[in-house]
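Structural description and commentary
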Number of protein chains: 2
Amino acid sequence: MTAEIISIGTELLLGHIINTNTAFLSQKLAEAGIDVYHTSVVGDNPKRLVESLKQALARADIIITTGGLGPTVDDITIETIAKFFGRKLVRNKMVVKCLRDYFKLRGTKILSATMRQAYTPEGVKCIRNNVGTAPGLLIDHNKKLVVCLPGPPRELNPMFENAILPRLRKMSKAAWVIKSRTIKISGGAESQVNKAVKKLLELKPPTTVGIYAKLGHVELRIMTKAKNEKLAQAAIDRIEKKVRAKLGGYIFGADDETLEGAVAGLLAGKKMTIAAAESCTGGLLSDRLTNISGSSRYFVMGLVAYSNSVKENVLGVSKYTLRDHGAVSEEVALEMAKRIRSLGGTDIGIGITGIAGPKGGTKKKPVGLVYIALVLPRKKVVKEFRFKGSRDEIKFLSTQVALDLIRKNI
Amino acid sequence: MTAEIISIGTELLLGHIINTNTAFLSQKLAEAGIDVYHTSVVGDNPKRLVESLKQALARADIIITTGGLGPTVDDITIETIAKFFGRKLVRNKMVVKCLRDYFKLRGTKILSATMRQAYTPEGVKCIRNNVGTAPGLLIDHNKKLVVCLPGPPRELNPMFENAILPRLRKMSKAAWVIKSRTIKISGGAESQVNKAVKKLLELKPPTTVGIYAKLGHVELRIMTKAKNEKLAQAAIDRIEKKVRAKLGGYIFGADDETLEGAVAGLLAGKKMTIAAAESCTGGLLSDRLTNISGSSRYFVMGLVAYSNSVKENVLGVSKYTLRDHGAVSEEVALEMAKRIRSLGGTDIGIGITGIAGPKGGTKKKPVGLVYIALVLPRKKVVKEFRFKGSRDEIKFLSTQVALDLIRKNI
């Protein structure tokens with residue numbers, strides 16, 4: 001069974017909105033075992049919408065449209081659909097009631113334009129919108145199903161998941177399900193990753209592995225198509241085990257897990273505390289460490305020592321170290337880590353100093369040069385990095401390797 | 001002149017990636033006066049790509065494809081295009097040189113798979129990729145132009161803007177241009193904004209105004225279609241003047257400008273320095289203030305005083321204030337601002353304390369309660385806020401109002 005998505009809206013064709021609905025629907029359809037081979041976008045134009053509908057009906061079993069259900073004159077989906085399928089627009093009592101409830105709940109008057117939404121093509125099934133005013137539509141036509149959904153994601157997502165997807169699952173009686181799992185791997189290890197999983201990357205369907213380089217990390221996506229949930233999970237688990245056997249220590253998480261989340265878990269688990277002294281990253285490391293709920297269990301303090309005088313007078317880095325080695329040096333990074341550890345009274349101190357650019361680089365100390373030092377009760381590590389990228393990227397990459405350094409050393 | 005965009009990639013049809021390229025390209029094409037009536041997505045499937053190409057060539061003057069130019073077997077764009085236009089694949093010297101330069105710069109060996117990218121359809125123009133390895137392609141065919149761009153946005157965006165767009169502008173000799181301008185307005189003023197610009201929101205084309213609520217700010221988008229750049233600009237300027245007359249002080253920027261950028265400009269212009277003491281925002285304010293290149297001119301230090309002991313012993317907040325009012329209080333925010341100002345020796349000190357959640361709230365001090373204090377040479381301000389949202393959102397909203405407080409008070 002195949003589905004096709006048509007997104008309707010001139011604002012999409014003007015690039016004012018990014019089409020997230022198509023990604024959301026595609027993912028849900030894939031998981032339900034329904035193939036999507038085409039998606040398209042048309043403007044608020046009846047003629048072109050009709051063309052797209054014809055094309056989609058010739059190719060797919062299920063057509064899902066998004067957008068154009070609102071109360072303004074730009075919203076042409078309902079009228080176009082009614083005309084296309086030769087149905088009259090009739091007042092739908094359920095929708096009238098929904099609209100009345102909606103406005104009553106908000107204590108505002110119903111606008112006459114809004115009541116236009118109560119007129120829907122004869123003989124279609126209307127789907128209640130629990131978040132907004134536009135109902136969804138379900139139209140059966142020559143063994144094909146056309147589903148019209150509202151454009152705003154906060155209206156579309158629950159309507160699709162609760163009212164449409166269960167129906168599609170039943171219809172499709174899909175002979176298979178798709179499942180995927182994303183393994184997240186520390187950056188700077190692309191070549192080892194490639195080498196380690198070379199054979200897996202050549203796997204042929206139904207189970208495949210893809211590799212994706214992200215900013216500061218690498219993702220391996222295992223994907224499988226199987227007869228049922230259980231078999232799919234087993235196929236994924238089998239490959240994941242192989243990946244973990246080869247890349248163990250490089251892996252920091254899976255699916256929605258983040259590097260800061262992994263570090264937070266480790267610190268909390270080991271009941272260790274941390275303090276961070278940052279220069280070029282400007283507070284981003286502290287920010288990321290405190291993005292995790294409950295971070296006060298392990299995060300004690302952060303100091304953004306931007307000027308040399310703050311490094312010296314507040315943090316306590318020796319003025320001789322600063323003078324002899326410069327603020328961007330291994331020596332200063334190490335003193336920053338030691339001093340913040342002592343200031344915060346923590347188990348771990350981390351120091352970052354570098355040049356985020358785009359200005360401020362020299363031949364000897366170019367933009368992207370970053371030193372990171374980690375001091376633990378019985379261990380210290382200092383590393384030099386040379387990053388490429390924009391100011392934002394260099395800041396982010398620095399915190400990424402800093403977090404990974406913590407992860408690996410505790 | 002019309003253009004059509006075909007995005008190629010099974011990962012798009014599976015919803016693993018959100019299609020941001022289409023929005024980017026659509027926006028740039030609209031600005032150049034080139035109409036986009038359709039965009040579509042197909043998987044890594046030669047047959048379906050050929051169908052889409054045929055359809056697009058029948059409808060539009062310019063076809064832009066994105067993705068599928070990489071070195072793996074999934075990347076089918078080049079071979080499919082070559083076959084479709086009946087051209088042989090030949091080794092392109094320019095691309096070979098680019099690939100060699102790319103890998104030399106990174107000090108790594110060229111993989112044989114990568115060299116596959118040097119084979120491009122005979123007689124096409126290759127466009128240098130300054131960020132990645134896949135070159136872009138330009139194919140003239142029966143007065144139509146086919147442009148193939150790499151999928152990753154950081155490769156596609158500069159290639160399109162620098163090498164493709166100027167060419168399209170020349171080709172199109174568009175009878176009109178579309179211009180837009182986004183006016184950015186501080187959050188918390190939605191009702192005033194709505195009231196102030198009510199009449200403008202009812203404007204009919206060619207010049208229209210839309211309102212969009214973003215996280216922590218509001219955007220007004222003025223859009224116009226006119227015969228030329230100058231007329232379009234005049235129409236925009238006329239409306240912008242009206243908006244500014246009504247909303248003056250609430251406006252912090254336009255288009256790509258950010259709130260932190262506006263604050264940075266003001267601080268640098270007035271030669272004022274700042275230090276930040278943060279609790280619930282965990283370093284995000286310092287991070288945002290240092291995202292601006294040259295921030296060392298005004299940003300001296302940041303302290304993330306997460307624990308009470310750091311607030312007391314490092315920052316110097318009185319233990320009595322902490323005991324009597326609690327860490328989340330106007331009094332502590334004010335002392336944090338005063339103390340960080342004195343520690344950093346800066347003109348301005350800012351203190352933020354609150355509860356980011358999702359845990360840690362009480363009936364009296366719920367999640368989202370945040371106090372922000374600003375201390376200047378001859379002025380001090382303390383404000384209470386009650387935000388709703390996730391932990392991330394509360395952190396962000398707190399820094400948003402903090403930046404706005406700085407903007408309004410210096």
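Residues numbered from 1 in each chain as written. Chains lettered and ligands numbered in written order. Predicted model: local features only at pLDDT ≥ 70, side-chain atom pairs only at ≥ 80, totals over all residues.

Attention now moves to the relation of the copies chain A and chain B. With an axial shift of 2.2 Å and an RMSD of 2.6 Å, the rotation relating chain A to chain B amounts to 179 degrees. The residues that chain A uses at the interface reappear at the interface of chain B in 100% of cases, marking a shared surface. (Least-squares fit on C-alpha atoms with pLDDT ≥ 70 in both. Contact = placed C-beta atoms within 7 Å.)

Often, the extent of an interface is quoted as the loss of accessible area upon association of its parts. Across the boundary between the two partners, chain A contributes 49 residues, which contact 49 residues of chain B. Partitioned by chemical class, the residues of the side of chain A that touches chain B number 23 nonpolar, 21 polar and 5 charged. Bridge analysis of strand β14 (residues 299-305) of chain A against strand β14 (residues 299-305) of chain B gives 5 bridges, and the strand direction is antiparallel. Along β14 of chain B, the bridge assignment pairs V304 of chain A with G302 of chain B. (Nonpolar A, V, L, I, M, F, W, Y, C, P; charged D, E, K, R; others polar. Pairing = 2+ DSSP bridges. Helix = DSSP H or I, 4+ residues; strand = E, 2+ residues; numbered from the N terminus.)

Cis rather than trans, the peptide bond between G357 of chain A and P358 of chain A has omega equal to 0 degrees. Relative to the assigned elements, P358 of chain A resides in the loop between β15 (348-354) and β16 (369-376). Although it is not a glycine, N142 of chain A adopts a positive phi angle of roughly 45 degrees. A tally of 6 C-beta atoms within 10 Å means that N142 of chain A is categorised as exposed. Phi is positive for K143 of chain B, close to 65 degrees, though the residue is something other than glycine. By the secondary structure assignment, K143 of chain B is in the loop between β7 (136-141) and β8 (144-149). On the neighbour-count criterion, K143 of chain B (6 C-beta atoms within 10 Å) is exposed. (Buried ≥ 20, exposed ≤ 12 C-beta atoms within 10 Å, placed from the backbone.)

What follows deals with the domain arrangement of chain A. On domain assignment, one finds that chain A holds domain 1 (2-172), domain 2 (177-254) and domain 3 (259-409). For domain 1 of chain A and domain 2 of chain A, the distance between their C-alpha centres works out to 36 Å. (Domains from an automatic or database assignment.)

In this section: the pairing of strand β9 (residues 177-186) of chain A. Residues and elements named next belong to chain A. In this sheet, strand β11 (residues 217-226) lies alongside β9 in antiparallel orientation, the contact comprising 10 bridges. Across the sheet, residue T182 finds its bridge partner in β11, namely R221. Of the strand pairs in this sheet, β9 and strand β12 (residues 251-254) are connected by 3 bridges, and their pairing is antiparallel. Note on β12: the bridge partner recorded for I183 is A254.

Take the packing of helix α2 (residues 20-31) of chain B against helix α7 (residues 153-172) of chain B next. Residue and element names in this part refer to chain B. It is at 11 Å that the axes of α2 and α7 come closest, and there the two elements cross at 20 degrees. In terms of orientation, α2 and α7 fall into the roughly parallel class. Note on packing geometry: the crossing formed by α2 with α7 is right-handed. Here T20, N21, F24, L25 and K28 of α2 lie close against α7, whose contacting residues are P153, L156, N157, F160, E161 and L165. (Axes fitted to C-alpha atoms, helices over the stretch in contact; angles between N-to-C directions. Parallel < 35°, antiparallel > 145°, perpendicular 65-115°, else oblique. Left-handed = near helix turned anticlockwise from the far one by under 90°.)

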